[in-house]
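# Understanding the architecture of this molecule
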Amino acid sequence: MALSLADLLAVPTLQLKNLGSTRTPLSAAIDWVAVTELENPQSFLSGGELVLTTGARQGTADAQRSFVRQIKRAGAVGIGFGIGFEHDAVPSALIAEANRWSVPVVEVPYITPFIAIGKLVADARSSDHYTKLERLLREHQVLARTLLTGGGLPALLQKLSSMVAANLVITQYGSEVAATSPDLTPDDGAWHAVALSTGKRDASTLWLHKPFHDDGIVDYARGLISIELNNLVQRRQSARQIAGQAIADIVRGTLNAADSAARLDNLGISPAAKNFVLLVSVEEGKFSTLSTITLPSGFENAIAATISSEGRQELLLVVPTHAGDPAVLGRDLSHQMHNVGITAPVGIGGAYPQANGLRWSYFEAREATTRGLEVNVPERLSLTSLLLASGDVPMADMAAEALGPLTDFDDAHGAELVDTLETYLRLNGSVAAVAEALALHRNTVRYRLTQIAELTGYDPALTPDRVQLWLALAVRRLSPQA
(Lines give C-alpha, C1' and ligand atoms only; values in the text may rest on other atoms or scores of the structure.)
Protein backbone atom coordinates (compact mmCIF):
# COMPACT_ATOMS: atom_id res chain seq x y z
CA MET A 1 0.00 0.00 0.00
CA ALA A 2 1.06 3.65 -0.40
CA LEU A 3 3.50 4.97 2.19
CA SER A 4 2.88 7.86 4.58
CA LEU A 5 5.31 10.18 6.34
CA ALA A 6 4.88 8.06 9.45
CA ASP A 7 6.02 5.02 7.45
CA LEU A 8 9.11 6.86 6.17
CA LEU A 9 10.02 8.07 9.65
CA ALA A 10 9.94 4.43 10.77
CA VAL A 11 12.61 3.40 8.21
CA PRO A 12 15.88 3.48 10.20
CA THR A 13 18.21 3.72 7.21
CA LEU A 14 16.67 7.05 6.15
CA GLN A 15 17.36 8.68 9.57
CA LEU A 16 14.52 11.15 9.08
CA LYS A 17 13.42 13.36 11.97
CA ASN A 18 9.98 14.87 12.49
CA LEU A 19 10.32 18.59 13.30
CA GLY A 20 6.67 19.57 12.95
CA SER A 21 4.07 19.94 15.65
CA THR A 22 2.94 16.75 17.35
CA ARG A 23 -0.61 17.78 16.45
CA THR A 24 0.15 17.64 12.73
CA PRO A 25 -1.02 14.29 11.23
CA LEU A 26 1.52 12.17 9.38
CA SER A 27 -0.88 9.51 8.06
CA ALA A 28 -1.70 10.95 4.62
CA ALA A 29 -0.67 8.66 1.75
CA ILE A 30 2.19 9.96 -0.39
CA ASP A 31 1.28 9.85 -4.08
CA TRP A 32 4.70 10.93 -5.32
CA VAL A 33 7.95 12.64 -4.36
CA ALA A 34 8.73 16.05 -5.87
CA VAL A 35 12.21 17.59 -5.60
CA THR A 36 12.29 21.37 -6.10
CA GLU A 37 14.40 24.44 -5.38
CA LEU A 38 11.85 26.88 -6.79
CA GLU A 39 10.64 29.74 -4.65
CA ASN A 40 7.04 28.95 -5.71
CA PRO A 41 6.59 25.37 -6.97
CA GLN A 42 2.77 25.44 -6.61
CA SER A 43 2.03 25.33 -10.35
CA PHE A 44 4.14 22.17 -10.70
CA LEU A 45 2.32 20.24 -7.97
CA SER A 46 -1.00 18.38 -8.28
CA GLY A 47 -1.54 17.43 -4.63
CA GLY A 48 -0.46 14.44 -2.55
CA GLU A 49 3.30 14.93 -3.04
CA LEU A 50 6.08 14.92 -0.45
CA VAL A 51 8.13 17.99 -1.44
CA LEU A 52 11.89 17.63 -0.95
CA THR A 53 14.13 20.73 -0.94
CA THR A 54 17.49 21.99 0.28
CA GLY A 55 16.16 25.54 0.59
CA ALA A 56 18.61 26.91 -1.96
CA ARG A 57 16.38 29.92 -2.63
CA GLN A 58 15.08 30.31 0.88
CA GLY A 59 17.67 32.63 2.30
CA THR A 60 15.18 34.85 4.16
CA ALA A 61 12.42 34.16 6.67
CA ASP A 62 9.85 35.68 4.28
CA ALA A 63 10.92 33.32 1.51
CA GLN A 64 10.71 30.37 3.88
CA ARG A 65 7.21 31.29 5.08
CA SER A 66 6.04 31.90 1.47
CA PHE A 67 7.36 28.49 0.42
CA VAL A 68 5.27 26.76 3.13
CA ARG A 69 2.12 28.61 2.07
CA GLN A 70 2.60 27.58 -1.57
CA ILE A 71 3.06 23.96 -0.50
CA LYS A 72 -0.12 24.14 1.59
CA ARG A 73 -2.15 25.60 -1.28
CA ALA A 74 -0.91 22.89 -3.66
CA GLY A 75 -2.19 20.14 -1.33
CA ALA A 76 1.18 18.49 -0.71
CA VAL A 77 1.38 16.05 2.22
CA GLY A 78 4.53 17.57 3.72
CA ILE A 79 8.04 18.99 3.35
CA GLY A 80 11.29 17.07 3.55
CA PHE A 81 14.10 19.57 4.18
CA GLY A 82 17.62 18.44 3.34
CA ILE A 83 20.28 19.91 5.65
CA GLY A 84 24.04 20.24 5.11
CA PHE A 85 23.76 22.11 1.83
CA GLU A 86 22.43 25.67 2.05
CA HIS A 87 21.28 25.26 5.63
CA ASP A 88 22.89 23.46 8.54
CA ALA A 89 19.44 23.09 10.17
CA VAL A 90 15.85 23.46 9.12
CA PRO A 91 15.03 27.19 9.40
CA SER A 92 12.90 28.06 12.45
CA ALA A 93 10.70 30.41 10.40
CA LEU A 94 9.82 27.54 8.04
CA ILE A 95 8.98 25.25 10.97
CA ALA A 96 6.83 27.90 12.66
CA GLU A 97 4.89 28.63 9.45
CA ALA A 98 4.44 24.90 8.79
CA ASN A 99 3.03 24.37 12.29
CA ARG A 100 0.69 27.29 11.74
CA TRP A 101 -0.76 25.66 8.60
CA SER A 102 -0.46 22.03 9.86
CA VAL A 103 2.07 21.12 7.21
CA PRO A 104 4.36 18.25 8.33
CA VAL A 105 8.11 18.93 8.19
CA VAL A 106 10.81 16.25 8.36
CA GLU A 107 14.54 16.77 8.47
CA VAL A 108 16.51 14.84 5.85
CA PRO A 109 20.17 14.39 6.89
CA TYR A 110 23.06 15.06 4.50
CA ILE A 111 23.85 11.33 4.24
CA THR A 112 20.36 10.45 2.98
CA PRO A 113 19.95 11.08 -0.77
CA PHE A 114 16.56 12.32 -1.94
CA ILE A 115 16.47 9.49 -4.49
CA ALA A 116 16.38 6.91 -1.67
CA ILE A 117 13.13 8.43 -0.40
CA GLY A 118 11.71 8.63 -3.93
CA LYS A 119 12.57 4.99 -4.63
CA LEU A 120 10.81 3.76 -1.50
CA VAL A 121 7.65 5.72 -2.36
CA ALA A 122 7.73 4.59 -6.02
CA ASP A 123 8.24 0.92 -5.08
CA ALA A 124 5.32 1.10 -2.64
CA ARG A 125 3.07 2.70 -5.25
CA SER A 126 4.11 0.10 -7.82
CA SER A 127 3.43 -2.76 -5.41
CA ASP A 128 0.08 -1.25 -4.52
CA HIS A 129 -0.81 -0.89 -8.21
CA TYR A 130 0.22 -4.50 -8.89
CA THR A 131 -1.89 -5.71 -5.96
CA LYS A 132 -4.89 -3.81 -7.31
CA LEU A 133 -4.40 -5.32 -10.76
CA GLU A 134 -4.25 -8.82 -9.30
CA ARG A 135 -7.44 -8.19 -7.34
CA LEU A 136 -9.12 -6.72 -10.41
CA LEU A 137 -8.24 -9.78 -12.50
CA ARG A 138 -9.63 -12.07 -9.79
CA GLU A 139 -12.84 -10.03 -9.73
CA HIS A 140 -13.04 -10.28 -13.54
CA GLN A 141 -12.86 -14.05 -13.29
CA VAL A 142 -15.47 -14.18 -10.53
CA LEU A 143 -17.98 -12.11 -12.55
CA ALA A 144 -17.42 -14.04 -15.78
CA ARG A 145 -17.71 -17.39 -13.99
CA THR A 146 -20.91 -16.28 -12.26
CA LEU A 147 -22.50 -15.42 -15.61
CA LEU A 148 -21.22 -18.44 -17.52
CA THR A 149 -22.31 -20.96 -14.89
CA GLY A 150 -25.95 -19.95 -15.29
CA GLY A 151 -26.32 -17.44 -12.48
CA GLY A 152 -27.57 -14.82 -14.89
CA LEU A 153 -27.82 -11.09 -14.29
CA PRO A 154 -29.21 -11.34 -10.72
CA ALA A 155 -26.23 -13.42 -9.55
CA LEU A 156 -23.74 -11.22 -11.40
CA LEU A 157 -25.31 -8.14 -9.84
CA GLN A 158 -25.01 -9.59 -6.34
CA LYS A 159 -21.30 -10.32 -6.88
CA LEU A 160 -20.68 -6.85 -8.30
CA SER A 161 -22.60 -5.30 -5.41
CA SER A 162 -20.24 -6.89 -2.87
CA MET A 163 -17.24 -5.63 -4.85
CA VAL A 164 -18.38 -2.00 -5.03
CA ALA A 165 -20.11 -2.05 -1.60
CA ALA A 166 -23.36 -0.58 -2.88
CA ASN A 167 -26.85 -1.56 -4.03
CA LEU A 168 -27.27 -1.95 -7.80
CA VAL A 169 -30.16 -1.92 -10.28
CA ILE A 170 -30.28 -2.75 -14.00
CA THR A 171 -33.07 -1.18 -16.07
CA GLN A 172 -34.00 -1.81 -19.69
CA TYR A 173 -36.81 -0.24 -21.70
CA GLY A 174 -37.46 1.87 -18.60
CA SER A 175 -38.21 -1.14 -16.38
CA GLU A 176 -36.18 -3.02 -13.79
CA VAL A 177 -34.43 -6.15 -15.07
CA ALA A 178 -32.49 -7.06 -11.92
CA ALA A 179 -31.71 -5.50 -8.54
CA THR A 180 -29.71 -6.40 -5.44
CA SER A 181 -32.58 -5.50 -3.09
CA PRO A 182 -36.35 -5.13 -3.45
CA ASP A 183 -38.13 -1.78 -3.72
CA LEU A 184 -35.17 0.16 -5.11
CA THR A 185 -36.06 3.22 -7.21
CA PRO A 186 -33.02 4.75 -8.95
CA ASP A 187 -32.89 8.48 -9.57
CA ASP A 188 -30.30 11.02 -10.66
CA GLY A 189 -29.73 12.26 -7.11
CA ALA A 190 -28.59 9.40 -4.89
CA TRP A 191 -27.67 7.09 -7.77
CA HIS A 192 -24.91 7.04 -10.37
CA ALA A 193 -26.04 5.99 -13.86
CA VAL A 194 -23.82 3.99 -16.20
CA ALA A 195 -25.15 3.62 -19.75
CA LEU A 196 -25.10 0.08 -21.16
CA SER A 197 -24.59 -0.48 -24.87
CA THR A 198 -26.56 -3.35 -26.43
CA GLY A 199 -26.84 -2.17 -30.02
CA LYS A 200 -30.54 -1.43 -29.50
CA ARG A 201 -32.43 1.68 -28.46
CA ASP A 202 -33.52 0.19 -25.18
CA ALA A 203 -32.17 2.77 -22.71
CA SER A 204 -30.31 0.10 -20.74
CA THR A 205 -28.68 1.47 -17.59
CA LEU A 206 -26.67 0.18 -14.63
CA TRP A 207 -27.46 2.20 -11.49
CA LEU A 208 -25.05 2.33 -8.53
CA HIS A 209 -26.21 3.74 -5.22
CA LYS A 210 -23.86 6.39 -3.88
CA PRO A 211 -21.36 6.11 -2.31
CA PHE A 212 -19.65 3.14 -3.97
CA HIS A 213 -16.13 1.84 -4.45
CA ASP A 214 -14.86 1.29 -7.98
CA ASP A 215 -11.31 0.28 -8.83
CA GLY A 216 -12.13 -0.40 -12.49
CA ILE A 217 -14.41 -3.42 -12.07
CA VAL A 218 -17.53 -1.49 -13.11
CA ASP A 219 -16.22 -0.98 -16.66
CA TYR A 220 -15.59 -4.70 -17.04
CA ALA A 221 -18.98 -5.60 -15.54
CA ARG A 222 -20.59 -3.09 -17.88
CA GLY A 223 -19.39 -5.08 -20.91
CA LEU A 224 -20.61 -8.39 -19.45
CA ILE A 225 -24.01 -6.93 -18.60
CA SER A 226 -24.40 -5.42 -22.09
CA ILE A 227 -23.73 -8.79 -23.73
CA GLU A 228 -26.13 -10.60 -21.41
CA LEU A 229 -28.86 -7.98 -21.92
CA ASN A 230 -28.56 -8.39 -25.68
CA ASN A 231 -28.81 -12.17 -25.29
CA LEU A 232 -31.79 -11.70 -22.99
CA VAL A 233 -33.60 -9.63 -25.61
CA GLN A 234 -33.00 -12.30 -28.24
CA ARG A 235 -34.24 -15.08 -25.94
CA ARG A 236 -37.28 -13.02 -24.97
CA GLN A 237 -38.18 -12.40 -28.61
CA SER A 238 -37.80 -16.08 -29.54
CA ALA A 239 -39.84 -17.27 -26.55
CA ARG A 240 -42.67 -14.87 -27.41
CA GLN A 241 -42.72 -15.99 -31.02
CA ILE A 242 -42.88 -19.67 -30.01
CA ALA A 243 -45.66 -18.97 -27.51
CA GLY A 244 -47.46 -16.92 -30.17
CA GLN A 245 -47.51 -19.81 -32.61
CA ALA A 246 -49.18 -22.06 -30.04
CA ILE A 247 -51.68 -19.48 -28.81
CA ALA A 248 -52.58 -18.38 -32.35
CA ASP A 249 -53.84 -21.89 -33.14
CA ILE A 250 -55.89 -21.93 -29.92
CA VAL A 251 -57.37 -18.50 -30.63
CA ARG A 252 -58.32 -19.49 -34.18
CA GLY A 253 -60.05 -22.60 -32.89
CA THR A 254 -58.11 -24.98 -35.15
CA LEU A 255 -57.26 -27.46 -32.36
CA ASN A 256 -59.39 -29.98 -30.52
CA ALA A 257 -59.79 -29.79 -26.75
CA ALA A 258 -57.03 -32.30 -25.97
CA ASP A 259 -54.47 -30.63 -28.23
CA SER A 260 -55.37 -27.18 -26.88
CA ALA A 261 -54.91 -28.36 -23.29
CA ALA A 262 -51.56 -29.92 -24.19
CA ARG A 263 -50.41 -26.67 -25.84
CA LEU A 264 -51.37 -24.64 -22.77
CA ASP A 265 -49.62 -27.08 -20.47
CA ASN A 266 -46.43 -26.90 -22.55
CA LEU A 267 -46.48 -23.11 -22.23
CA GLY A 268 -46.83 -23.35 -18.46
CA ILE A 269 -50.50 -22.33 -18.48
CA SER A 270 -52.74 -24.49 -16.32
CA PRO A 271 -55.90 -25.28 -18.33
CA ALA A 272 -57.91 -25.63 -15.12
CA ALA A 273 -56.86 -22.23 -13.71
CA LYS A 274 -58.50 -18.93 -14.61
CA ASN A 275 -56.42 -16.57 -16.72
CA PHE A 276 -57.12 -13.21 -18.31
CA VAL A 277 -55.57 -11.66 -21.41
CA LEU A 278 -53.92 -8.27 -21.81
CA LEU A 279 -53.54 -7.28 -25.45
CA VAL A 280 -51.66 -4.57 -27.34
CA SER A 281 -52.06 -4.35 -31.10
CA VAL A 282 -49.96 -2.18 -33.46
CA GLU A 283 -49.21 -1.95 -37.14
CA GLU A 284 -46.60 -4.55 -38.01
CA GLY A 285 -43.12 -3.03 -38.12
CA LYS A 286 -44.17 0.25 -36.51
CA PHE A 287 -42.94 -0.57 -33.00
CA SER A 288 -40.19 -3.17 -33.25
CA THR A 289 -39.66 -3.11 -29.48
CA LEU A 290 -43.11 -4.59 -28.83
CA SER A 291 -41.71 -8.11 -29.13
CA THR A 292 -38.74 -7.41 -26.83
CA ILE A 293 -40.06 -4.90 -24.29
CA THR A 294 -39.32 -5.69 -20.64
CA LEU A 295 -42.50 -6.34 -18.69
CA PRO A 296 -43.13 -4.44 -15.44
CA SER A 297 -42.98 -6.21 -12.11
CA GLY A 298 -46.19 -8.13 -11.51
CA PHE A 299 -45.93 -10.08 -14.77
CA GLU A 300 -43.43 -12.64 -13.48
CA ASN A 301 -45.98 -15.46 -13.86
CA ALA A 302 -47.47 -14.21 -17.12
CA ILE A 303 -46.90 -15.90 -20.48
CA ALA A 304 -46.02 -13.37 -23.17
CA ALA A 305 -46.63 -14.08 -26.84
CA THR A 306 -46.46 -12.17 -30.09
CA ILE A 307 -48.85 -12.86 -32.94
CA SER A 308 -48.58 -11.42 -36.45
CA SER A 309 -51.75 -11.36 -38.49
CA GLU A 310 -52.65 -9.45 -41.65
CA GLY A 311 -50.46 -6.42 -41.11
CA ARG A 312 -50.81 -6.25 -37.33
CA GLN A 313 -48.53 -7.34 -34.52
CA GLU A 314 -50.07 -8.20 -31.17
CA LEU A 315 -48.43 -8.59 -27.79
CA LEU A 316 -50.63 -10.98 -25.85
CA LEU A 317 -50.12 -11.62 -22.13
CA VAL A 318 -51.85 -14.56 -20.47
CA VAL A 319 -51.98 -13.63 -16.79
CA PRO A 320 -53.16 -15.86 -13.90
CA THR A 321 -55.82 -14.21 -11.75
CA HIS A 322 -53.65 -14.38 -8.62
CA ALA A 323 -51.15 -11.99 -10.26
CA GLY A 324 -53.25 -8.99 -9.29
CA ASP A 325 -55.91 -6.54 -10.40
CA PRO A 326 -56.11 -6.60 -14.24
CA ALA A 327 -56.74 -2.84 -14.41
CA VAL A 328 -53.66 -2.09 -12.29
CA LEU A 329 -51.50 -4.42 -14.36
CA GLY A 330 -52.92 -2.86 -17.51
CA ARG A 331 -51.93 0.62 -16.33
CA ASP A 332 -48.44 -0.60 -15.47
CA LEU A 333 -48.08 -2.10 -18.94
CA SER A 334 -49.40 1.07 -20.59
CA HIS A 335 -46.96 3.22 -18.61
CA GLN A 336 -44.10 0.95 -19.59
CA MET A 337 -45.01 1.15 -23.28
CA HIS A 338 -45.23 4.94 -23.18
CA ASN A 339 -41.73 5.00 -21.65
CA VAL A 340 -40.35 3.37 -24.79
CA GLY A 341 -42.53 5.31 -27.22
CA ILE A 342 -45.26 2.75 -27.95
CA THR A 343 -48.58 4.56 -28.20
CA ALA A 344 -51.27 1.88 -28.30
CA PRO A 345 -54.21 1.10 -26.05
CA VAL A 346 -54.22 -1.90 -23.74
CA GLY A 347 -57.24 -4.18 -23.96
CA ILE A 348 -58.18 -6.50 -21.09
CA GLY A 349 -60.18 -9.69 -21.39
CA GLY A 350 -62.16 -11.52 -18.72
CA ALA A 351 -60.81 -14.33 -16.56
CA TYR A 352 -61.78 -17.83 -17.74
CA PRO A 353 -60.33 -21.37 -17.52
CA GLN A 354 -59.60 -23.78 -20.38
CA ALA A 355 -58.63 -23.07 -23.99
CA ASN A 356 -62.09 -21.78 -24.94
CA GLY A 357 -61.86 -19.35 -22.05
CA LEU A 358 -58.53 -18.10 -23.41
CA ARG A 359 -60.18 -17.54 -26.80
CA TRP A 360 -63.05 -15.59 -25.24
CA SER A 361 -60.69 -13.48 -23.18
CA TYR A 362 -58.57 -12.77 -26.27
CA PHE A 363 -61.51 -11.53 -28.30
CA GLU A 364 -62.82 -9.51 -25.37
CA ALA A 365 -59.40 -7.88 -25.07
CA ARG A 366 -59.22 -7.23 -28.81
CA GLU A 367 -62.63 -5.61 -28.79
CA ALA A 368 -61.64 -3.58 -25.71
CA THR A 369 -58.68 -2.04 -27.57
CA THR A 370 -61.14 -0.33 -29.95
CA ARG A 371 -62.70 1.74 -27.19
CA GLY A 372 -59.97 4.36 -27.31
CA LEU A 373 -58.79 4.59 -23.71
CA GLU A 374 -55.19 3.93 -22.71
CA VAL A 375 -56.40 0.96 -20.63
CA ASN A 376 -59.73 -0.67 -21.47
CA VAL A 377 -61.26 -3.06 -18.93
CA PRO A 378 -63.28 -6.04 -20.19
CA GLU A 379 -66.96 -5.95 -20.94
CA ARG A 380 -69.37 -8.79 -21.61
CA LEU A 381 -68.30 -10.63 -24.73
CA SER A 382 -70.35 -9.30 -27.65
CA LEU A 383 -72.12 -11.29 -30.31
CA THR A 384 -69.66 -9.95 -32.86
CA SER A 385 -66.65 -11.18 -30.90
CA LEU A 386 -68.22 -14.59 -30.41
CA LEU A 387 -68.82 -14.90 -34.13
CA LEU A 388 -65.27 -13.73 -34.87
CA ALA A 389 -63.93 -16.32 -32.45
CA SER A 390 -65.34 -19.08 -34.60
CA GLY A 391 -63.20 -20.16 -37.48
CA ASP A 392 -66.28 -21.63 -39.15
CA VAL A 393 -68.04 -18.29 -39.63
CA PRO A 394 -66.50 -16.15 -42.42
CA MET A 395 -67.45 -12.88 -40.72
CA ALA A 396 -64.65 -10.82 -42.26
CA ASP A 397 -65.65 -11.91 -45.77
CA MET A 398 -69.32 -11.18 -45.07
CA ALA A 399 -68.44 -7.72 -43.74
CA ALA A 400 -66.26 -6.92 -46.74
CA GLU A 401 -69.03 -8.03 -49.11
CA ALA A 402 -71.63 -5.86 -47.38
CA LEU A 403 -69.52 -2.72 -46.97
CA GLY A 404 -67.28 -3.01 -50.02
CA PRO A 405 -69.62 -1.06 -52.33
CA LEU A 406 -69.78 1.79 -49.78
CA THR A 407 -66.03 2.06 -49.27
CA ASP A 408 -65.46 1.91 -53.04
CA PHE A 409 -68.02 4.68 -53.59
CA ASP A 410 -66.49 6.83 -50.83
CA ASP A 411 -63.00 6.39 -52.31
CA ALA A 412 -64.15 7.20 -55.83
CA HIS A 413 -66.35 10.22 -55.03
CA GLY A 414 -64.96 11.54 -51.74
CA ALA A 415 -68.30 10.72 -50.14
CA GLU A 416 -68.97 9.81 -46.51
CA LEU A 417 -71.50 7.02 -46.75
CA VAL A 418 -69.70 4.72 -44.25
CA ASP A 419 -69.44 7.54 -41.71
CA THR A 420 -73.09 8.41 -42.23
CA LEU A 421 -74.13 4.77 -41.74
CA GLU A 422 -72.07 4.43 -38.53
CA THR A 423 -73.58 7.63 -37.15
CA TYR A 424 -77.10 6.57 -38.12
CA LEU A 425 -76.77 3.21 -36.35
CA ARG A 426 -75.08 4.76 -33.31
CA LEU A 427 -77.92 7.28 -32.95
CA ASN A 428 -80.59 4.58 -33.18
CA GLY A 429 -81.83 5.50 -36.64
CA SER A 430 -82.73 9.14 -35.91
CA VAL A 431 -82.40 11.19 -39.10
CA ALA A 432 -82.67 14.44 -37.13
CA ALA A 433 -79.90 13.42 -34.74
CA VAL A 434 -77.65 12.35 -37.63
CA ALA A 435 -78.23 15.65 -39.42
CA GLU A 436 -77.28 17.58 -36.29
CA ALA A 437 -74.22 15.42 -35.55
CA LEU A 438 -72.84 15.67 -39.09
CA ALA A 439 -74.02 19.25 -39.72
CA LEU A 440 -76.14 18.14 -42.70
CA HIS A 441 -79.64 18.88 -43.95
CA ARG A 442 -82.10 16.11 -43.12
CA ASN A 443 -82.84 15.57 -46.82
CA THR A 444 -79.10 15.01 -47.40
CA VAL A 445 -79.11 12.34 -44.70
CA ARG A 446 -82.17 10.65 -46.27
CA TYR A 447 -80.53 10.77 -49.72
CA ARG A 448 -77.38 9.12 -48.36
CA LEU A 449 -79.42 6.38 -46.68
CA THR A 450 -81.11 5.71 -50.00
CA GLN A 451 -77.68 5.45 -51.66
CA ILE A 452 -76.55 3.01 -48.95
CA ALA A 453 -79.59 0.81 -49.55
CA GLU A 454 -79.06 0.84 -53.32
CA LEU A 455 -75.33 0.08 -53.13
CA THR A 456 -75.44 -2.65 -50.45
CA GLY A 457 -78.88 -4.15 -50.93
CA TYR A 458 -79.51 -3.59 -47.18
CA ASP A 459 -82.02 -0.93 -46.13
CA PRO A 460 -80.87 0.74 -42.85
CA ALA A 461 -84.52 1.51 -42.06
CA LEU A 462 -85.39 -2.19 -41.79
CA THR A 463 -84.45 -4.00 -38.58
CA PRO A 464 -83.09 -7.24 -40.19
CA ASP A 465 -80.99 -5.24 -42.63
CA ARG A 466 -79.89 -2.85 -39.90
CA VAL A 467 -78.57 -5.80 -37.86
CA GLN A 468 -76.60 -7.05 -40.86
CA LEU A 469 -75.03 -3.62 -41.43
CA TRP A 470 -74.28 -3.16 -37.71
CA LEU A 471 -72.52 -6.53 -37.56
CA ALA A 472 -70.56 -5.71 -40.71
CA LEU A 473 -69.35 -2.42 -39.23
CA ALA A 474 -68.46 -4.11 -35.92
CA VAL A 475 -66.45 -6.81 -37.71
CA ARG A 476 -64.73 -4.17 -39.82
CA ARG A 477 -63.74 -2.33 -36.66
CA LEU A 478 -62.49 -5.42 -34.82
CA SER A 479 -60.77 -7.25 -37.66
CA PRO A 480 -56.97 -6.87 -37.89
CA GLN A 481 -57.09 -5.68 -41.49
CA ALA A 482 -59.47 -2.84 -40.61
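Attention here is on the structure that accompanies the text. It should be emphasised that the depicted structure is a prediction, and the values quoted were computed from it without experimental measurement.

### Some words on the overall build of the protein chain
Of the regular secondary structure elements, the protein chain holds 14 helices and 14 strands. Seen along its three principal axes, the alpha-carbon backbone of the protein chain occupies a region of about 120 × 55 × 35 Å. Counting over 482 residues, the protein chain shows a buried share of 46%. Intrachain contacts of the protein chain at a sequence separation of at least 6 include 65% that bridge at least 24 residues. Put simply, the protein chain shows about 24,000 Å² of open surface, and 52% of that area lies on carbon and sulfur atoms. For the protein chain, the distance from the average position of its 39 positive side-chain charges to the average position of its 50 negative side-chain charges is 4 Å.

### Observations regarding the nonpolar core
One finds Leu278, Val280, Phe299, Leu317 and Leu333 to be the most contacted residues of the largest nonpolar core, which totals 24 residues. Of all elements in the fold, only β10 (275-283), β12 (312-320), α7 (326-339) and β13 (346-348) reach the threshold of two or more residues within this core. Broken down by element, the residue count for this core peaks at four residues, all from β10. Residues Leu147, Leu157, Val194 and Ala221 belong to the second largest nonpolar core, which totals 23 residues.

### Concerning a nonpolar patch on the surface
The grouping of Phe85, Tyr110 and Ile111 at the surface amounts to a nonpolar patch, some 370 Å² of accessible area in total. Mapped onto the secondary structure, Tyr110 falls in the loop between β5 (105-108) and α4 (114-164).

### Focus on the sheet that holds strand β4 (residues 78-82)
If you walk across this open sheet you meet the five strands as β1-β5-β4-β3-β2, and the pairing is mixed. Each of the sheet's edge strands pairs with one partner strand only, and the pair in question is β1 (17-18) and β2 (32-35). Across two bridges, β1 lies against β5 in antiparallel orientation. If you follow Lys17 over to β5, its bridge partner there is Glu107.

### Considering the packing of aromatic side chains
Throughout the structure, instances matching the rule amount to three aromatic pairs. Where Tyr352 meets Trp360, the ring centres are 5.9 Å apart and the plane angle is 90 degrees; that geometry is what we call edge-to-face. Overall, the relative accessible area of 36% leaves Trp360 in the partly exposed class. Aromatic side chains Tyr362 and Phe363 sit 4.9 Å apart centroid to centroid with 80 degrees between the ring planes, which places their arrangement in the edge-to-face category. On the accessibility criterion, Phe363 (6% relative accessible area) is buried.

### Considering the sheet that holds strand β14 (residues 375-376)
Within the open sheet, the five strands sit side by side as β11-β12-β10-β13-β14. Their pairing is mixed. Each edge of the open sheet carries a strand with a single partner, namely β11 (303-309) and β14. Relative to β13, β10 runs antiparallel, the two being bridged by three bridges. Within β13, the position partnered with Leu278 by the bridge is Ile348. The sheet strands contacting helix α8 (residues 354-368) are β10, β12, β13 and β14, and the helix crosses β10 at an angle near 45 degrees.

### Comments concerning helix α2 (residues 61-74)
Between its first and last C-alpha, α2 extends 20 Å over 14 residues, near the 20 Å set by a 1.5 Å rise per residue. Residues of α2 that are buried: Gln64, Phe67, Val68, Gln70, Ile71 and Ala74. Buried residues of α2, viewed axially, fall in a sector of 160 degrees; they line one side. Facing away from the buried side of α2 by over 90 degrees, the exposed positions are Asp62 and Arg73. Along its buried surface, α2 packs onto β3 (49-53), β4 and α3 (92-100). Looking at the residues trailing α2, positive phi occurs at Gly75, about 85 degrees.

### Some details on the environment of Pro378
Mapping Pro378 onto the fold places it in the loop between β14 and α9 (383-389). Considering only alpha carbons, one finds Pro378 and Pro345, 33 residues apart in sequence, at a separation of 13 Å. Ignoring any residue separated from it by four or fewer positions in sequence, one finds Pro378 in contact with Ile348, Gly349, Gly350, Glu364 and Arg371.

### Remarks on the packing of helix α5 (residues 217-252) against α8
In the contact formed by α5 and α8, the axes pass within 8 Å of each other and the chain directions differ by 90 degrees. It follows that α5 is roughly perpendicular to α8 by the angle criterion. Residues Ile247, Ile250, Val251 and Arg252 of α5 lie in contact with α8, whose contacting residues are Ala355, Leu358, Arg359, Tyr362 and Phe363. Here the residues of the contact of α5 with α8 are counted per class, giving seven nonpolar, no polar and two charged.

### Looking at helix α13 (residues 442-456)
Given a rise of 1.5 Å per residue, 15 residues ought to cover 21 Å, and the 21 Å separating the end C-alpha atoms of α13 matches this to within 8%. Regarding α13, the residues found buried are Val445, Arg448, Leu449, Gln451, Ile452 and Thr456. Seen end-on, α13 carries its buried residues on one side only, within an arc spanning 160 degrees. Structural note: α13 exposes Tyr447 and Glu454 on the side pointing more than 90 degrees away from its buried face. Positive backbone phi, at 85 degrees, marks Gly457, one or two positions downstream of α13.

### Observations concerning the packing of α5 against helix α6 (residues 257-266)
Their axes nearest at 10 Å, the elements α5 and α6 cross at an angle of 150 degrees. The angle between α5 and α6 falls in the class roughly antiparallel. For the element pair α5 and α6, the recorded crossing hand is left-handed. Contact residues: Gln245, Ala246, Asp249 and Ile250 in α5; Ser260, Arg263 and Leu264 in α6. Split by residue class, the contact of α5 with α6 holds three nonpolar, two polar and two charged.

What counts and how
- Residues numbered from 1 in each chain as written.
- Predicted model: local features only at pLDDT ≥ 70, side-chain atom pairs only at ≥ 80, totals over all residues.
- Heavy atoms only, no water.
- Helix = DSSP H or I, 4+ residues; strand = E, 2+ residues; numbered from the N terminus.
- Buried < 20%, exposed > 50% of the residue type's maximum accessible area, 1.4 Å probe, protein only.
- Contact = heavy atoms within 4.5 Å.
- Areas by Shrake-Rupley, 256 points an atom, 1.4 Å probe, with all protein chains shown as cover.
- Lys, Arg positive; Asp, Glu negative; His and termini not counted.
- Charge placed at Lys NZ, Arg CZ, Asp CG, Glu CD.
- Core = buried A, V, L, I, M, F, W, Y, C linked by side-chain atoms within 4.5 Å.
- Patch = residues over 30% accessible without salt bridge, like charges linked within 9 Å, V, L, I, M, F, W, Y side chains within 5 Å.
- Salt bridge = Lys/Arg side-chain N within 4 Å of Asp/Glu carboxyl O.
- Pairing = 2+ DSSP bridges.
- Phe/Tyr/Trp six-rings, centres within 6.5 Å; stacked < 30°, edge-to-face > 60°.
- Axes fitted to C-alpha atoms, helices over the stretch in contact; angles between N-to-C directions.
- Expected span 1.5 Å × (residues − 1).
- Arc of directions from axis to C-beta.
- Parallel < 35°, antiparallel > 145°, perpendicular 65-115°, else oblique.
- Nonpolar A, V, L, I, M, F, W, Y, C, P; charged D, E, K, R; others polar.
- Left-handed = near helix turned anticlockwise from the far one by under 90°.

Any functional reading would require information that these geometric values do not contain.
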